[in-house]
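Structural overview
Each chain, written out:
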Amino acid sequence: MSNDTATAEAEGTTEAAPAPEPNPHGIGASLPPADARAKTEGTFPYAADLWAEGLLWAAVLRSPHAHARIVSIDTTHAREMPGVRAVVTHEDVPGAPLHGRGSRADRPVFAAEVVRHHGEPIAAVAADHPDTARMAAAAVIVEYEVLDPVTDPEQAFEAEPLHPDGNLIRHIPLRHGDPEAAGEVVVEGLYRIGRQDPAPIGAEAGLAVPRPDGGVELYLASTDPHGDRDAAAACYGLPPEQVKIVVTGVPGATADREDQGFQLPLGLLALRTGCPVKLTATREESFLGHVHRHPTLLRYRHHADAEGRVVKVEAQILLDAGAYADTSSDALAAAVAFACGPYVVPNAFIEGWAVRTNNPPSGHVRGEGAMQVCAAYEAQMDKVAKKLGLDPAEVRLRNVLATGDVLPTGQTVTCPAPVAELLQAVRDFPLPALPKDTPEDEWLLPGGPEGAGEPGAVRRGVGYGIGMVHMLGAEGADEVSTATVKVQDGVATVLCAAVETGQGFTTLARQIVQETLGVDEVRVAPVDTDQPPAGAGCRGRHTWVSGGAVERAAKMVRTQLLQPLAHQFGMSTELLQIADGKITSYDGVLSTTVAETLEGKELWATAQCRPHPTEPLDETGQGDAFVGMAFCAIRAVVDVDIEIGSVRVVELAVAQDVGRVLNPAQLSARIEAGVTQGVGIALTENLRTPRGLIRHPDLTGYALPTALDAPDIRIVKLVEERDVVAPFGAKAVSAVPVVASPAAVASAVRAATGRPVNRLPIRPQAAVVTGN
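Presented here is an overview of the structure given in this document. (Residues numbered from 1 in each chain as written. Predicted model: local features only at pLDDT ≥ 70, side-chain atom pairs only at ≥ 80, totals over all residues. Heavy atoms only, no water.)

**Some details on the overall build of the protein chain**
- Tallying secondary structure elements over the protein chain gives 16 helices and 29 strands in all.
- Over its C-alpha trace the protein chain gives a radius of gyration of 27 Å, about what one expects of a compact globule, namely 28 Å for 772 residues.
- Along the three orthogonal principal directions, the C-alpha set of the protein chain runs to about 85 × 75 × 60 Å.
- Looking at the protein chain residue by residue over its 772 residues, the buried ones come to 61%.
- Within the protein chain, counting contacts between residues at least 6 apart in sequence, those at least 24 apart form 80% of the total.
- Total accessible area on the protein chain is roughly 29200 Å²; 51% of this is exposed by carbon and sulfur atoms.
- Computed over 64 positive and 98 negative side-chain charges, the inter-centroid distance for the protein chain is 2 Å. (Helix = DSSP H or I, 4+ residues; strand = E, 2+ residues; numbered from the N terminus. Rg over C-alpha atoms; globule rule 2.2 N^0.38 Å. Buried < 20%, exposed > 50% of the residue type's maximum accessible area, 1.4 Å probe, protein only. Contact = heavy atoms within 4.5 Å. Areas by Shrake-Rupley, 256 points an atom, 1.4 Å probe, with all protein chains shown as cover. Lys, Arg positive; Asp, Glu negative; His and termini not counted. Charge placed at Lys NZ, Arg CZ, Asp CG, Glu CD.)

Shown next, in the form of structure tokens:
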């Protein structure tokens with residue numbers, strides 16, 4: 001994999017990020033992650049490593065059916081087994097029986113009368129040995145009346161209600177412009193996006209410890225500790241102050257990291273037994289429990305004029321939410337709002353629905369909503385280009401969005417939107433060389449060495465994908481974070497409940513404080529719910545709101561540090577600067593070190609960051625629903641064996657608007673990871689669920705891309721046009737490459753084969769060309 005900006009710069013083909021500032025620790029420097037050494041040495045404390053005196057082990061009994069009525073639950077045999085300390089079912093939930101992420105609490109802790117999806121929790125057991133717990137869970141006798149599952153989201157509209165709230169979670173009818181508008185060229189398409197699993201490599205695990213006050217502490221790899229605490233407290237019938245969540249080492253997250261279906265039973269078992277209780281989910285339980293990306297059905301009709309400019313877009317978008325609502329309302333809002341992509345569309349009429357089925361639950365996965373529609377609208381742009389005989393990149397350039405344009409939601413794009421610049425950068429980047437027909441280069445062909453393919457059957461294709469995502473929450477979400485910065489004995493400490501999920505927040509927090517205060521040693525305190533809330537770790541939130549809160553707190557401490565010196569020399573603090581560990585005045589009269597000034601002092605400050613408010617979409621899909629947006633253009637080059645349908649992604653050229661580069665190495669790694677995740681979505685990742693049952697819930701049946709599958713990734717341009725409303729001017733970088741890369745790969749396969757390629761992941765039969 002090659003995406004080294006220095007290498008690309010040497011080739012004269014990229015605009016790399018500016019050189020780091022003189023401060024080797026501050027903003028703009030490639031500071032390594034603080035936990036990198038511990039993770040590489042195997043000493044990082046993950047949740048699965050936790051231990052407590054008197055520990056019991058938990059196991060959860062899950063439904064083998066996608067849809068069934070529960071006739072009876074008999075726990076007698078399980079309770080009588082030696083070593084079993086507690087068995088809990090829905091009857092043992094003392095508080096609110098429902099929980100869930102997003103705006104609705106509609107999911108039961110344990111199924112009571114009806115099972116709505118494969119793997120739904122029925123009961124949980126605590127025992128003195130993990131094997132005993134698993135055997136006891138299996139000994140719980142459940143009598144089911146199996147029902148026909150509703151697995152087709154189109155059937156959900158007419159099916160009997162699967163939930164007391166009905167099958168329809170949300171409907172958004174977007175209306176923008178003239179419904180009678182028409183173009184000289186009309187293209188249509190039907191697209192299907194499969195179910196992707198976030199597939200966290202680290203085990204999902206947790207530990208619950210009862211407290212003397214009758215409460216409980218949960219040690220979890222939570223990405224939203226305060227949200228999880230509130231759900232747990234409601235479930236246990238306790239006030240929030242009696243439930244504490246301590247965030248343990250998170251093994252990375254591209255979605256909601258932990259399944260509340262085992263978080264909540266853990267606390268119940270600890271409260272029931274009075275002992276610490278631990279659960280480490282198996283890989284199968286992980287697939288059964290946590291949420292997945294929404295499978296989506298999309299119907300599109302584009303109207304364009306003879307020059308390829310889009311006149312009107314009509315679309316129907318149907319999201320399969322699975323059994324419960326979770327974050328489906330948010331995903332639908334993103335899908336509908338971005339259904340036309342980063343293009344100027346004067347007339348748009350979009351119908352969007354999210355419905356319940358008996359499929360596994362869907363929820364927040366990086367780029368939700370935006371990824372699905374990107375695959376569809378980019379396929380439509382390819383069709384417009386083909387019908388008019390135009391270059392696909394040129395058609396896109398004639399339609400791209402810019403700052404000041406209006407989205408179909410009626411919101412004006414006020415943030416930087418250099419979409420044309422991004423597309424031109426990837427279009428003009430030199431194409432990779434063609435593979436030679438020699439034995440030593442045979443591995444470059446689809447299928448690899450000794451593969452079934454023949455060089456003569458290989459066709460090369462070039463395609464494009466332009467993606468957009470929103471940052472932070474949307475539709476009136478209160479995005480706020482609080483941070484405290486303390487300095488004592490020359491050491492700074494940051495307290496903020498922003499969870500490090502791999503996005504680099506702890507590194508950024510250190511850089512902010514080092515640059516602002518000139519302190520070399522900065523520690524970021526562990527996260528727990530005794531701290532003020534910082535919100536969920538998704539959509540680049542913590543770079544923006546939590547980083548902004550750290551910056552404000554650090555500046556307040558800086559004022560406290562400089563005020564006595566400024567007063568002594570009769571000047572304002574603005575005339576003093578901190579650099580290289582020294583404090584100097586503008587005129588050179590004052591020169592001292594930060595360490596000397598801090599000696600014997602303890603300074604601290606707490607600050608909040610709250611972006612400007614947004615509003616919900618109205619009954620016609622109109623409203624200023626988003627704080628900010630990020631854009632990315634990707635050019636994909638693929639080789640396709642048109643006889644057997646195998647695809648090899650040769651290269652992905654990436655151009656992205658990042659606002660400001662805060663940590664060059666970290667930013668490149670995030671883009672690289674997002675692009676690679678998108679390749680998996682495009683080619684291999686598909687969680688199959690016949691009749692609602694997850695088939696092969698393991699990493700042998702679910703094909704994640706490995707290092708051998710990763711293509712060359714060339715970051716050819718990073719546009720640093722700062723977003724004035726964002727702290728540091730930076731934008732989120734992880735999600736938008738995930739959105740754009742599957743669409744780019746599909747576009748390249750279309751170019752190579754001439755086939756429509758209307759489904760992700762791309763099946764081999766879709767890339768086979770007959771009659772050649």
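On we go.
**Let's talk about the packing of helix H15 (residues 664-683) against helix H16 (residues 735-753)**
- Put simply, H15 and H16 touch, their axes get as near as 7 Å, and they point 45 degrees apart. Taken together, H15 and H16 sit at an angle that is classed as oblique. Note on packing geometry: the crossing formed by H15 with H16 is right-handed. Listed contacts from H16 to Ile671, Gly674, Val675, Gln677, Gly678, Val679, Ile681, Ala682 and Leu683 of H15 are Pro737, Val738, Ser741, Pro742 and Val745.
- Along the lines of polarity and charge, the residues of the contact of H15 with H16 split into 10 nonpolar, four polar and no charged. (Axes fitted to C-alpha atoms, helices over the stretch in contact; angles between N-to-C directions. Parallel < 35°, antiparallel > 145°, perpendicular 65-115°, else oblique. Left-handed = near helix turned anticlockwise from the far one by under 90°. Nonpolar A, V, L, I, M, F, W, Y, C, P; charged D, E, K, R; others polar.)

**Details of H15**
- The first and last C-alpha atoms of H15 sit 29 Å apart over 20 residues, in line with the 28 Å expected at 1.5 Å per residue.
- Counting buried positions over the 20 residues of H15 gives 15, a clear majority of the element. (Expected span 1.5 Å × (residues − 1).)

**Focus on the pairing of strand E23 (residues 582-585)**
- Judged by which residues are buried, E23 turns out to be one-sided: Ile583 and Ser585 face inward and are buried, whereas Lys582 and Thr584, on the alternate face, are not.
- Pairing of strand E22 (residues 576-579) with E23, which is carried by four bridges, proceeds in the antiparallel orientation. Its bridge partner lying in E23, Ala579 is registered against Lys582.
- Between E22 and the antiparallel strand that follows it, E23, lie two residues; Asp580 among them carries a positive phi value of about 55 degrees.
- Linking E23 back to strand E24 (residues 591-593) in an antiparallel pair, the connection comprises five residues, with Gly588 at a positive phi of about 80 degrees. (Pairing = 2+ DSSP bridges.)

**Overview of the environment of Leu718**
- Positionally, Leu718 belongs in strand E28 (residues 712-719).
- With 444 residues separating them along the chain, Leu718 and Gly274 place their C-alpha atoms 55 Å apart.

**Topic: unusual backbone geometry**
- Of note, the bond from Leu760 into Pro761 is cis; its omega dihedral lies within 30 degrees of zero at 0 degrees.
- Note on placement: Pro761 falls in the segment after strand E29 (759-760).
- Despite not being glycine, Ala199 has its phi angle at roughly 45 degrees, a positive value.
- Examined against the element boundaries, Ala199 turns out to sit in the loop between strand E10 (185-193) and strand E11 (205-210).
- Owing to a relative accessible area of 6%, Ala199 belongs among the buried residues under this scheme.
- In this structure, Asp580 is a non-glycine residue whose phi angle is positive, near 55 degrees.
- Residue position: Asp580 is located in the loop between E22 and E23.

**Notes on the sheet that holds E24**
- Pairing within the open sheet is antiparallel, and its three strands lie in the order E22-E23-E24. A single partner strand is all that each edge strand has here, and the edge strands are E22 and E24. In this sheet, adjacent strand axes meet at a mean angle of 25 degrees when their direction is disregarded.
- Pairing of E23 with E24 involves three bridges; the strand directions are antiparallel. Among the inter-strand pairings, Ile583 is bridged to a residue of E24, identified as Thr592.
- Along the sheet, helix H13 (residues 541-568) makes contact with E22, E23 and E24, crossing E22 at roughly 125 degrees.

**Notes on the nonpolar core**
- Counting residues in each nonpolar core, the largest one holds 118 residues, and the members touching the most others are Tyr300, Ile317, Phe338, Ile350, Phe631 and Val745.
- Here the element with the most residues in this core is H16; it accounts for 12 residues.
- Excluding its chain neighbours within four sequence positions, the residues that come into contact with Phe338 are Ala370, Val373, Tyr377, Leu407, Met468, Val469, His470, Phe626 and Met629.
- Core analysis: the next-biggest nonpolar cluster, separate from the first, contains 46 residues, Val487, Ala498, Val499 and Phe505 among them. (Core = buried A, V, L, I, M, F, W, Y, C linked by side-chain atoms within 4.5 Å.)

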